[in-house]
Amino acid sequence: MTPTALVAAARECRSNAHVPYSKFRAGAAVLTDQGDVVPGVIVENVSLGLAMCAERVAMFNAVTVGATPTTLVLAAPDTDGSPTWPCGACLQVALELGGPELGIVVADDEDGPHQRAVLGELLPRGPRVER
Ligand code: ZN
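Residues numbered from 1 in each chain as written. Predicted model: local features only at pLDDT ≥ 70, side-chain atom pairs only at ≥ 80, totals over all residues. Heavy atoms only, no water.

**Q** Describe in detail the coordination of the zinc ion, supporting the description with residues and values.
**A** Summarising the metal site, the zinc ion is bound by the protein donors Cys53 (SG), Cys87 (SG) and Cys90 (SG), whose distances to it range over 2.2 to 2.4 Å. Sequence spacing of the donor residues for the zinc ion, all on one chain, is C-x33-C-x2-C. Residue classification places Cys87 among the partly exposed residues on the basis of a relative accessible area of 31%. In this structure Cys90 comes out as buried when scored by relative accessible area, which is 1%. (Donors = N, O, S within 2.8 Å, 3.2 Å for Na, K, Ca; no water. Buried < 20%, exposed > 50% of the residue type's maximum accessible area, 1.4 Å probe, protein only.)

Shown next as structure tokens:
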């Protein structure tokens, strides 16, 4: 699975995002240790605190099928079209489920270049857990 194919999966599911309040269509895709691609979209709620980021939905879906995330892709263009990086809550969940070596890829909604990082670079001092 190439990063380009993962980005395509994250972009594709953006149309399913439930975003009646923010209109911020975020899509994510997780590559699992089993070689599968698991999507996720942002899901908002009238009680705003109940919203869930696309990244966490995708990672939770990976857990649901008994897999471990190895790469997380987020396709969530900001208002200027540039890629958005995962929020702190999603990074914390990613650290627990994928570990500090988890690959993070962010993309815009066009064919622009992807940006990559390793989770440990984005959350270098996050609490480590036994996995
Ligand atoms: Zn988040």
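**Q** Before we move on, could you go through the sheet that holds strand 5 (residues 115-118) and cite the residues and values that matter?
**A** As summarised here, the arrangement of the 5 strands in space is 2-1-3-4-5, forming an open sheet in which the pairing is mixed. In this open sheet, the two edge strands, each paired with only one partner strand, are strand 2 (37-41) and strand 5. Shown here is a sheet whose adjacent strand axes are inclined to one another by a mean of 20°, direction ignored. The pairing of strand 1 (residues 27-32) with strand 2 spans 5 bridges and is classified as antiparallel. Note on strand 2: the bridge partner recorded for Ala28 is Gly40. Running at roughly 140° to strand 2, helix 2 (residues 54-64) makes contact with strand 1, strand 2 and strand 3 (69-75) of the sheet. (Pairing = 2+ DSSP bridges. Helix = DSSP H or I, 4+ residues; strand = E, 2+ residues; numbered from the N terminus. Axes fitted to C-alpha atoms, helices over the stretch in contact; angles between N-to-C directions. Contact = heavy atoms within 4.5 Å.)

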